[in-house]
Amino acid sequence: MLDQAAGEPGPGEAHITVRASGVNPVDYKVYSGAMGADPSRLPMRLGLEAAGVVTAVGPDAAGASGPVVAGDEVIAFRISGGYASALVVPAASLVPKPAALGWPEASGLMLTGATAWHALAATSVAAGDTVLMHGAPGGVGLMAIQLAISRGAHVIATGSPGHHELLREFGATPVAYGDGLADRVRAAAPHGVDVALDLVGTDEALDVSLDLVSDRSRIATIANARRGLELGIKVLGGAPGADPGTEIRAAARPELARMAGDGTLRVLVTDTFALEEAADAHRLLMQGHVAGKLALLP
Ligand SMILES: NC(=O)c1ccc[n+]([C@@H]2O[C@H](COP(=O)([O-])OP(=O)(O)OC[C@H]3O[C@@H](n4cnc5c(N)ncnc54)[C@H](OP(=O)(O)O)[C@@H]3O)[C@@H](O)[C@H]2O)c1
């Protein structure tokens, strides 16, 4: 860990005191070697999202929803170095924090929410669709379930049995992943599956999706770009060859804040860690079975 002063905000920037930082799998993937091992990327500033209070602004500091001033409670996304107690961010990354949302929840809304939003848009999920989601208890999955249901879709959600009650609580029909998954999904969706979203990246998730959905433009992966590109399905995110969905994701931010503020979108934070314990949060997340979100508290 490296101590670094946040500095003064320049033009179009804001200084924020961080109240919570969102933790995402990409935060450990960037140093695991999974995304290359170029030493020139060191030292790395981890953390793509945070929530906090604006303490100072530079000239012309405007956020996604208008001017930003000291004292504003904000969500910052997508930023670099969100694992911090204070930092300078582009004001354009800021969205007002809904008053009803707690700090840890606010720090976990945007990355998962925007990804889920993009996945539903890319596969044109609409009222009456049956959507299969693999890896559904995770941060992206719980967002995708709620957003799909708000579009009028029905969701079949894979997860370990210990998370089935949670998936039901969020409005999905749970099924266990593992051998026989396709048959269990057929039994749960006798009229068929229209859309499949791979939110975990396993071969099983992709194979079962191809088995059950004939239209490859309605299958998307956010977690297995290599195979997704080979298969000709929608590949979403920052990997080479993937669709980053930059505009869709940016446009989703105010909508996500509105929905979280009026209670139509819930951010489930299942654990918080002190900022100095970020490594413990990563060890837990790396096991691959966290439900909802983890947050760091400075
Ligand atoms: N492309 C993008 O733009 C983008 C954006 C965000 C995330 N991602 C990636 O998408 C993935 C999910 O992100 P996340 O934040 O939702 O992760 P997460 O919170 O760690 O969730 C992963 C979920 O996958 C489930 N799971 C574990 N093993 C499984 C298996 N064999 N089959 C089916 N489900 C299984 C787990 O549920 P159980 O505990 O019940 O097993 C867990 O809740 C990560 O790989 C992440 O890096 C990509």
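Scoring rules and cut-offs
Note that residues are indexed from 1 along each chain, following the sequence as it is written. Side-chain atom pairs in this predicted model are given and counted only at pLDDT of 80 or more, local residue features only at pLDDT of at least 70, and totals for whole chains, interfaces and linings cover all residues. In computing side-chain properties, one takes all heavy atoms of the structure into account and sets aside hydrogens as well as water. The helix and strand labels rest on DSSP assignments: H or I over at least four residues marks a helix, E over at least two residues marks a strand, and numbering proceeds from the N terminus. Contact definition: two residues touch when any of their heavy atoms are within 4.5 Å. Any residue with a heavy atom positioned within 4 Å of a molecule or strand is treated as near that molecule or strand. A 3.5 Å cut-off defines polar contacts: any pair of N or O atoms within that distance qualifies, except that in protein one atom must be a possible hydrogen donor and the other a possible acceptor, and neighbouring residues in sequence count only when both atoms are side-chain atoms. Under the convention used here, a 1.4 Å probe and the Shrake-Rupley method define accessible areas, while residue burial counts only the protein chains that appear. We call Asp, Glu, Lys and Arg charged. Ala, Val, Leu, Ile, Met, Phe, Trp, Tyr, Cys and Pro are nonpolar, and the rest, Gly among them, are polar. Orientation is described by axes fitted as lines to C-alpha atoms, over the contacting stretch for helices, and by angles from 0 to 180 degrees between their N-to-C directions. Angle categories: roughly parallel below 35 degrees, roughly antiparallel above 145, roughly perpendicular from 65 to 115, and oblique for all the rest. Left-handed describes a crossing whose near helix is turned anticlockwise from the far helix through less than a right angle; right-handed describes the clockwise counterpart. Partly exposed describes any residue whose relative accessible area lies between the buried limit of under 20% and the exposed limit of over 50%, with all areas from a 1.4 Å probe on protein chains only and scaled to the type maximum. Strands are labelled as partners when DSSP assigns at least two bridges between them. Think of it as the arc spanned by the lines of direction from the helix axis to the C-beta atoms. Here, the term nonpolar core denotes a set of buried Ala, Val, Leu, Ile, Met, Phe, Trp, Tyr and Cys residues that are joined through side-chain atoms within 4.5 Å. By definition here, a salt bridge exists when the distance from a side-chain nitrogen of Lys or Arg to a carboxyl oxygen of Asp or Glu is within 4 Å.

Structurally, M110 is set in helix α3 (residues 110–122). With sequence-adjacent residues up to four places away left out, M110 is seen in contact with E49, I75, F77, V95, R253, L256 and A257.

Looking at the ligand, there are 27 residues lining it, with K29, S160, H163, Y177 and H289 nearest. At a separation of 2.7 Å, an oxygen atom of the ligand approaches a polar side-chain atom of K29. A distance of 2.8 Å separates a nitrogen atom of the ligand from a polar backbone atom of L236. Burial of the ligand by the protein amounts to 87% of the accessible area it has alone, namely 920 Å². The residue inventory of the shell around the ligand, partitioned by class, reads twelve nonpolar, 13 polar and two charged.

Where helix α6 (residues 181–188) contacts helix α7 (residues 203–212), the two axes come as close as 10 Å, and the packing angle between them is 45°. The orientation of α6 relative to α7 falls into the category oblique. The way α6 lies across α7 gives a crossing that is right-handed. Residue-level contacts link L181, A182, V185 and R186 of α6 to E204, V208, D211 and L212 of α7. Here the contact of α6 with α7 is composed, by residue class, of five nonpolar, no polar and three charged.

With that settled, the discussion passes to the pairing of strand β1 (residues 13–23). The buried fraction of β1 amounts to eight of the eleven residues, a majority that puts the element mostly inside the structure. Bridge count between β1 and strand β6 (residues 86–90): five bridges; the pairing is antiparallel. Across the sheet, A14 pairs through a bridge with V89, a residue of β6. Across seven bridges, β1 lies against strand β2 (residues 49–57) in antiparallel orientation. By the bridge assignment, H15 is partnered in β2 with A56. Both β1 and strand β15 (residues 293–297) contribute to a ladder of three bridges, which runs antiparallel. In the strand pairing of β15, S21 is matched with L296.

The subject of this paragraph is helix α10 (residues 278–286). Residues of α10 that are buried: A278, A281, H282 and L285. An end-on view of α10 places all buried positions within 100° of arc, on one side of the element. Elements that come into contact with the buried residues of α10 comprise β1, α1 (25–32), β14 (269–274) and β15.

Attention shifts here to the nonpolar core. One finds L109, M110, M133, I145, L197 and L256 to be the most contacted residues of the largest nonpolar core, which totals 52 residues. Filtering out sequence-adjacent residues up to four positions away, L256 remains in contact with L109, M110, G113, A114, W117, L147 and L265. In this structure, A189, V193, A196 and V213 belong to the second largest nonpolar core, which totals 16 residues.

Another point: the sheet that holds strand β13 (residues 234–235). Strand pairing in a sheet takes place through backbone hydrogen bonds and is either antiparallel or parallel in direction. Strand order in the open sheet made by the six strands is β10-β9-β8-β11-β12-β13, with parallel pairing throughout. Taken across any chain shown, the strands that pair with only one partner, and hence form the sheet edges, are β10 (173–175) and β13. Bridge count for strand β8 (residues 130–134) against strand β9 (residues 154–158) is four bridges, and the pairing is parallel. Its bridge partner lying in β9, T130 is registered against H154. Along the sheet face, α6 touches β8, β9 and β10 and points at about 160° away from the line of β10.

Let us now look at the pattern of salt bridges. A complete count under the given rule lists 13 salt bridges for this structure. Salt-bridge contacts for K293 lead to E49; the nearest nitrogen and oxygen are separated by 3.8 Å. Of the two residues, K293 sits in strand β15 while E49 sits in strand β2, which places them 244 residues apart along the sequence. E49 carries the same exposure label as K293, and that label is buried. Several salt bridges converge on common partners, so that one network encompasses D183, R186 and D211.

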